[in-house]
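# What the coordinates show
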Amino acid sequence: MQLIQQTPDLSAYLAADEAIDHHHPLVRRTAARLADGVGDSYEYARAAFEFVRDTIAHSQDSGDLRVTWRASDVLDQRTGICYAKAHALTALLRAEDIPTALCYQKFDEVHGLVAVRFNGAWHRQDPRGNKPGVDAQFSLDGERLAFMPDLASNEMDYPVLYAAPHPVVLDVLRAARDRPHLWQTLPTAL
């Protein structure tokens with residue numbers, strides 16, 4: 001699949017916004033801690049990915065009822081669904097000047113992931129968190145995502161790389177009272 005930048009301006013994929021608040025002190029402290037001792041941006045990207053994947057619980061898996069959407073809140077509360085975890089990883093990568101996009105897949109609901117840019121190409125990563133049957137890994141040599149769409153079942157990869165969270169996703173997250181309410185309102189398409 002050919003990934004398509006929403007905007008040709010690469011600097012948009014380094015920008016901060018309300019959800020990707022990489023100037024927040026907690027995001028900066030976390031990024032600095034992860035960057036300490038790594039040799040290069042590739043190692044940092046892997047460390048940030050593994051940190052989000054492994055230390056921030058996917059709220060559906062853990063049973064946490066809280067809904068987070070702002071990267072700093074995800075890092076502070078250590079919980080979030082796929083979109084929130086993607087926001088946190090995006091903020092940590094952009095904090096270290098690694099261009100990062102938000103991207104999506106369609107299953108029964110829309111699933112959120114990120115794409116990082118290295119060596120002139122985008123590489124999708126899925127920090128949702130592993131569990132039995134899910135083994136997402138950081139990879140620049142082929143995708144190791146949590147889920148692969150079944151095209152025969154009308155599942156799909158959306159090719160667009162967004163500089164900011166998709167408005168439909170962000171609106172649903174902001175409006176959710178709790179995770180059960182969120183589960184009733186998850187978008188089924190973008």
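Look above for the structure.
In this report, we go over the structure that sits alongside the text. (Residues numbered from 1 in each chain as written. Predicted model: local features only at pLDDT ≥ 70, side-chain atom pairs only at ≥ 80, totals over all residues. Heavy atoms only, no water.)

### A short note on the overall build of the protein
Across its full length, the protein holds seven helices and eight strands. Its C-alpha radius of gyration of 15 Å places the protein within 12% of the 16 Å reference for a compact globule of 190 residues. Based on the C-alpha atoms only, the size of the protein along its principal axes is roughly 40 × 35 × 35 Å. Within the protein, the fraction of its 190 residues that count as buried is 50%. For the protein, restricting intrachain contacts to residue pairs at least 6 apart in sequence, the fraction spanning at least 24 positions comes to 60%. About 8500 Å² of surface is accessible on the protein, with carbon and sulfur atoms providing 48% of the total. Taking the average location of the 19 positive side-chain charges in the protein and that of its 26 negative ones, the two points are 3 Å from each other. (Helix = DSSP H or I, 4+ residues; strand = E, 2+ residues; numbered from the N terminus. Rg over C-alpha atoms; globule rule 2.2 N^0.38 Å. Buried < 20%, exposed > 50% of the residue type's maximum accessible area, 1.4 Å probe, protein only. Contact = heavy atoms within 4.5 Å. Areas by Shrake-Rupley, 256 points an atom, 1.4 Å probe, with all protein chains shown as cover. Lys, Arg positive; Asp, Glu negative; His and termini not counted. Charge placed at Lys NZ, Arg CZ, Asp CG, Glu CD.)

### Topic: the sheet that holds strand β5 (residues 110–118)
Reading across from one edge, β6-β5-β4-β7 is the order of the four strands in this open sheet, with antiparallel pairing throughout. Two strands close off the open sheet at either side, each with one partner strand: β6 (121–125) and β7 (156–157). Along the sheet, helix α5 (residues 82–95) makes contact with β4 (100–106) and β5, crossing β5 at roughly 15 degrees. (Pairing = 2+ DSSP bridges. Axes fitted to C-alpha atoms, helices over the stretch in contact; angles between N-to-C directions.)

### Thoughts on the state of the cysteines
In this structure the tally under the stated criterion is zero disulfides. This cysteine, Cys82, is not joined by any disulfide, and Cys103 carries the nearest cysteine sulfur, 11 Å off. The class for Cys82 is buried, based on a relative accessible area of 8%. The exposure class assigned to Cys103 is buried, which follows from its relative accessible area of 0%. (Disulfide = S-S within 2.5 Å.)

### As for α5
Taking 1.5 Å of rise per residue, the 14 residues of α5 would be expected to cover 20 Å, and the 20 Å separating its terminal C-alpha atoms lies within 8% of that figure. Of all 14 residues in α5, 14 are buried, a share of seventy percent or more. Two residues or fewer past α5, Asp97 is found with a positive phi of approximately 60 degrees. (Expected span 1.5 Å × (residues − 1).)

### Side note on the packing of aromatic side chains
Aromatic ring pairs are described here by two measures, namely the spacing of the ring centres and the angle between the planes. In total, this model carries six aromatic pairs according to the counting rule given. The interplanar angle of 65 degrees and the centroid separation of 5.1 Å between the aromatic rings of Tyr13 and Trp122 together place this pair among those described as edge-to-face. Taken together, the residues Tyr13 in the loop between β1 (4–5) and α1 (25–35) and Trp122 in strand β6 connect sequence positions 109 residues apart. Accessibility classification places Tyr13 together with Trp122 in one group, the buried group. Members of the aromatic cluster, connected to one another through ring pairs, are Tyr83, Tyr104 and Tyr162. Cation over ring: Arg174 sits above Trp69, and NZ or CZ is 4.8 Å from the ring centre. (Phe/Tyr/Trp six-rings, centres within 6.5 Å; stacked < 30°, edge-to-face > 60°. Lys NZ or Arg CZ within 6 Å of the ring centre and 35° of its normal.)

### Focus on the environment of Asn130
Tracing the backbone shows Asn130 in the loop between β6 and β7. Once residues lying within four places of it in the same chain are set aside, the contact partners of Asn130 are Arg53, Asp135, Ala136 and Gln137. From its side chain, Asn130 meets the backbone nitrogen of Ala136 in a polar contact 2.7 Å long. (Polar contact = N/O pair within 3.5 Å; in protein donor to acceptor, adjacent residues only side chain to side chain.)

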